[in-house]
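# Structure assessment
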Amino acid sequence: MEIQSGFFKKLSIKMKDRIYFSLITILAILCRIFFILKIPCNPLSDFEKYQSIATNIFLGNGHFYLEKPTAFQPMGYPFALGYFYRLIGSNDIFFGKLFNVIISSVTLIIILLILLKLCKSVKKVYLPYIIIAFIPNYIAYNNVLGSEVLITFLFACIIYFQLCTFNYKIRYIVIGIFIGLAALTKPFFLCYPIIIAVIMWLKHKNIKEAGKLFNISFIFMCIVVLPWTYRNYKKFNLIIPVSHNGGYVLFINNNSNNKNGAWMAIKDIDVSLDFKEKLINNNFAYKDSTKNEIDQVMLSPALDKIFKKEGKKWIKNHPIQFLKLGLIRIKNTFFNGAGDIYAWGMNSIEENKYTSFLKSEFLRKAFSKEIYIISLISFIFIFLNIKDIITSVFKKGKKIDYLVSIPVINISFFILISFVFEGQQRYNFPVLFLLALSSLICIEKIFMKVYYLFQRKEFINEAK
């Protein structure tokens, strides 16, 4: 079968290859279905709030939490989930998990198309695809009513359309729409038009084309985000592009009391009298655990600027401590194993033979080591290529292939987000497929270099 250019890369796919990819895809989807059917799990923390908001949308009450309008968290996932509930006719948590399985399965196919476009031969897609298809996180998170599965789908779509070659005007518009949807799910994607334009510049060194991609994708991203921004302005009389928890997250993760680079309660943070007064004036009961811990989602939007200003002020005055916390956050995100799949994906007190097996010490260590090794080798890959990428940005004649630039720049983007804001294991979720791909590319390149040196040494010895 010949895959034509346009939606697909021009590759010759033999029948045995098609059978292989079909079997892996079907098995991976069955694993996802099996997981949500057999592994009990209840939504906690943010996921419980998403379910509450999605239920309100399902009931026709709008984007509300505790009977009040909210924009504390991004609206993308609860909005999509709520309308899926409407389509199904039920807000049962099981259908939320089913929604995840559908999105996760489609994502798997998109990732396969990305691999076929990036790799030079079909055979080189075999190993990356089977690893990505069965990454434990990609299976377990179907049980979690969180944004991870949805943002990975949107992120994969953006990368896929960047690799396509059909009419650039339509393609750039589509990319902009998906970036907008991604921004409504994870607000840091608001700056993604810059990332995607840089990747194109590195590949083609055509500033005019990179500029077109940036401008068109940025405009259509704004068009997608604007209705939600307008809604927020009407509800809160403030300009809130997506959500108003950015300053809050920045502050609670960057202060002198934070030692582990992770979330902490505001009541545990020592603040100045002036800052405390600002919080109280905005109806935030500082140090009152009965109020400020259960009502995070209901924080006054006006507090966001106050938190953000205080967080930036601390970073400016404590650069060394900020650097240390940033490195800890990177470690927490990429080198802290896979404990989150147990905390979020199988947290129910109900036990059965399947959960007992998955929670065995052997599998816990195996899952954690897999993520650790993939991340470690990927970081080596980034280290080996980052100099060339930085040089290429300023040298017109030096181009960087997508096989290098897409994993390196996108992973680096997520590393930067974790470094500045918050470090949690689940924040590596959207780039796990790129971590797996880049780690295998790195191993192959190192192997080929060693093999070349060995062959060269043999040739020299024979010449002597």
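Residues numbered from 1 in each chain as written. Predicted model: local features only at pLDDT ≥ 70, side-chain atom pairs only at ≥ 80, totals over all residues. Heavy atoms only, no water.

## Some details on empty space enclosed by the protein
Definition in use: A 1.4 Å probe that fits but cannot get out identifies a cavity on a 1 Å grid over protein atoms alone, an open set with protein on both sides within 12 Å along at least five of seven lines counts as a pocket, and a residue lines either if it has an atom within 4 Å of a point. Grid points are joined across faces, edges and corners, and a volume is the space filled by probe spheres set on the points. Secondary structure elements are taken from DSSP: a helix is a run of H or I of four residues or more, a strand is a run of E of two residues or more, and numbering for both begins at the N terminus.
Across all of its chains, the model carries one cavity of 30 Å³ or more by this definition. What the largest cavity holds in volume is close to 90 Å³. Around the largest cavity, the lining residues are Arg32, Ser104, Thr107, Leu108, Ile111, Ile132, Tyr138, Val149, Thr152, Phe153 and Phe429. Elements represented by at least two residues in the lining of the largest cavity include exactly α4 (93-118) and α7 (148-163).

## A few points about the pattern of salt bridges
Rule in force here: Salt bridges are defined by distance alone: a side-chain nitrogen of Lys or Arg within 4 Å of a carboxyl oxygen of Asp or Glu.
Counting across every chain of the model gives eleven salt bridges. Between Asp304 and Lys308 there is a salt bridge; the shortest N-O distance is 3.9 Å. You can see Asp304 and its partner Lys308 sitting in helix α14 (residues 303-317), four residues apart, about one turn around the helix. One connected set of salt bridges, linked through shared partners, spans Asp46, Glu148 and Arg426.

## Regarding the nonpolar core
Defined as follows: We define a nonpolar core as any set of buried Ala, Val, Leu, Ile, Met, Phe, Trp, Tyr and Cys residues linked to one another through side-chain atoms lying within 4.5 Å. Each residue is assigned to one of three classes by its accessible area relative to the maximum for its type, calculated with a 1.4 Å probe on protein chains only: buried under 20%, partly exposed between the two thresholds, exposed over 50%.
Formed by 124 residues in total, the largest nonpolar core has its most connected members in Ile114, Phe155, Ile158, Phe189, Tyr192 and Phe433. By residue number, the principal contributor to this core is α7, which donates 13 residues. With 16 residues, the next largest nonpolar core counts Ile269, Val271, Leu303 and Phe307 among its residues.

## What about the environment of Ala197?
Which entries qualify depends on this criterion: Note on contacts: a residue pair is in contact if any heavy atoms of the two residues lie within 4.5 Å.
Relative to the assigned elements, Ala197 resides in helix α9 (residues 192-204). Look at Ala197 and you get buried, because its relative accessible area is 10%. In the structure, Ala197 is positioned 13 residues away from Ala210 in sequence and 5.0 Å away in space, judged by C-alpha atoms. Every residue in contact with Ala197, bar those within four places of it in the chain, is listed here: Ala210, Leu213 and Phe214.

## A word on the environment of Tyr160
Tracing the chain through its elements places Tyr160 in helix α7. Sequence separation between Tyr160 and Ile88 is 72 residues, and the spatial gap between their C-alpha atoms is 29 Å.

## A look at α14
Rules: Expected span of a helix: the number of residues minus one, times 1.5 Å. Here, the arc refers to the directions that run from the helix axis to the C-beta atoms.
Its 15 residues give α14 an end-to-end C-alpha distance of 21 Å, which sits within 8% of 21 Å, the value for a rise of 1.5 Å per residue. Regarding α14, the residues found buried are Leu303, Asp304, Ile306, Phe307, Glu310, Gly311, Trp314 and Ile315. Burial along α14 is one-sided: seen end-on, the buried residues are contained in an arc of 165°. α14 presents Lys305, Lys309, Lys312, Lys316 and Asn317 as exposed residues on the side facing more than 90 degrees away from its buried surface. Considering only its buried residues, α14 is in contact with α11 (246-253), α12 (273-281) and α15 (319-334).

## Things to note about the packing of helix α3 (residues 76-88) against α4
Each packed pair of helices is defined by two parameters, the angle between the axes and the distance between the axes. Basically, it comes down to this: Axis angles are defined between N-to-C directions and span 0 to 180 degrees, where every axis is a line fitted to C-alpha atoms and, for a helix, only to the segment in contact. Each angle is binned into one of four classes, with values under 35 degrees roughly parallel, values over 145 roughly antiparallel, values of 65 to 115 roughly perpendicular, and all other values oblique. Less than a right angle of anticlockwise turn of the near helix away from the far helix marks a crossing as left-handed, whereas a clockwise turn marks it as right-handed. Only Asp, Glu, Lys and Arg are considered charged, only Ala, Val, Leu, Ile, Met, Phe, Trp, Tyr, Cys and Pro nonpolar, and every remaining residue, Gly among them, polar.
Running from N to C, α3 and α4 point in directions that differ by 110°, and their axes come no closer than 10 Å. On the basis of the axis angle, α3 is roughly perpendicular to α4. Crossing of α3 against α4: the hand is right-handed. On α4, the residues that touch Tyr77, Ala80, Leu81, Phe84, Tyr85 and Ile88 of α3 are Ile93, Phe95, Gly96, Phe99, Asn100 and Ile102. The residue makeup of the contact of α3 with α4, split by class, is ten nonpolar, two polar and no charged.

## Thoughts on unusual backbone geometry
Backbone geometry places Ser45, a non-glycine residue, at a positive phi of 50°. Mapped onto the fold, Ser45 is located in helix α2 (residues 45-58). Judged by relative accessible area, Ser45 falls into the partly exposed class, the value being 38%. The phi dihedral of Glu67 falls on the positive side, at around 65°, and the residue is not glycine. Mapped onto the elements, Glu67 comes out in the loop between β3 (64-65) and β4 (68-69).

## Considering the confidence of the model for the protein
Detail in the predicted coordinates should be disregarded across regions flagged by low pLDDT. To keep things clear, this is the line we draw: The predictor rates its confidence in each residue with pLDDT, a number between 0 and 100.
Per-residue confidence for the protein averages 90 on the pLDDT scale, and 92% of its residues sit at or above 70. Contacts of residues 1-10 to residues separated by more than four positions or lying in other chains number 29 contacts, the stretch itself having pLDDT below 50. Taken as a whole, residues 289-294 scores under 50 in pLDDT and shows eleven contacts with residues more than four places along the chain or in a different chain.

## Some remarks on α15
Helix length check: α15, at 16 residues, gives a terminal C-alpha distance of 22 Å against a target of 22 Å (1.5 Å per residue), a fit within 8%. If you check which residues of α15 are buried, you get Phe322, Leu325, Gly326, Arg329, Ile330, Asn332, Thr333 and Phe334. Projection of α15 onto a plane perpendicular to its axis shows the buried side chains occupying an angular sector of 165°, all on one side. When the buried face of α15 is taken as reference, the exposed residues oriented beyond 90 degrees from it are Ile320, Lys324 and Leu327.

## Looking at the layout of surface pockets
Approximately 1300 Å³ is the volume found for the largest pocket. Surrounding the largest pocket, 47 residues form its lining, Pro187, Ser243, Asn245, Gly246 and Val249 being those nearest its centre. Among the elements of the structure, α2, α7, α11, α14 and α19 (402-420) are those that each provide at least two residues to the lining of the largest pocket. The element that contributes the greatest number of residues to the lining of the largest pocket is α11, accounting for five residues. Looking at the lining of the largest pocket residue by residue, the class counts come to 26 nonpolar, twelve polar and nine charged. Counted as a void, the second largest pocket has a volume near 430 Å³. Lining the second largest pocket are 16 residues, and of these Lys124, Leu403, Ile441, Glu444 and Lys445 lie nearest its centre. Elements with a contribution of two residues or more to the lining of the second largest pocket: α5 (123-133), α19 and α20 (432-463).

## A look at the packing of aromatic side chains
Quick note on the threshold: Two aromatic rings from Phe, Tyr or Trp, using only the six-membered ring of Trp, form a pair when their centres are within 6.5 Å; if the ring planes differ by under 30 degrees the pair is stacked, by over 60 it is edge-to-face, and anything between is tilted. Throughout this description, the term charge over a ring refers to an Arg CZ or Lys NZ atom that lies within 6 Å of the ring centre and within 35 degrees of the ring normal.
Within this structure, the stated rule accounts for 41 aromatic pairs. Taking the ring centre of Tyr402 as reference, the NZ or CZ of Lys203 above it sits at 5.4 Å. The ring of Tyr342 has Arg364 lying over it, and the distance from NZ or CZ to the ring centre is 4.1 Å.

## Considerations on the packing of α9 against helix α10 (residues 207-236)
For the pair α9 and α10, interaxial distance at closest approach is 9 Å and the crossing angle is 160°. In terms of orientation, α9 lies roughly antiparallel with respect to α10. Considering only the axes of α9 and α10, their crossing is right-handed. Here α9 contributes Pro193, Ile194, Ile196, Ala197, Met200 and Trp201 to the contact with α10, which in turn contributes Ile207, Glu209, Ala210, Leu213, Phe214, Ser217, Phe218 and Met221. In the contact of α9 with α10, the residues fall into twelve nonpolar, one polar and one charged.

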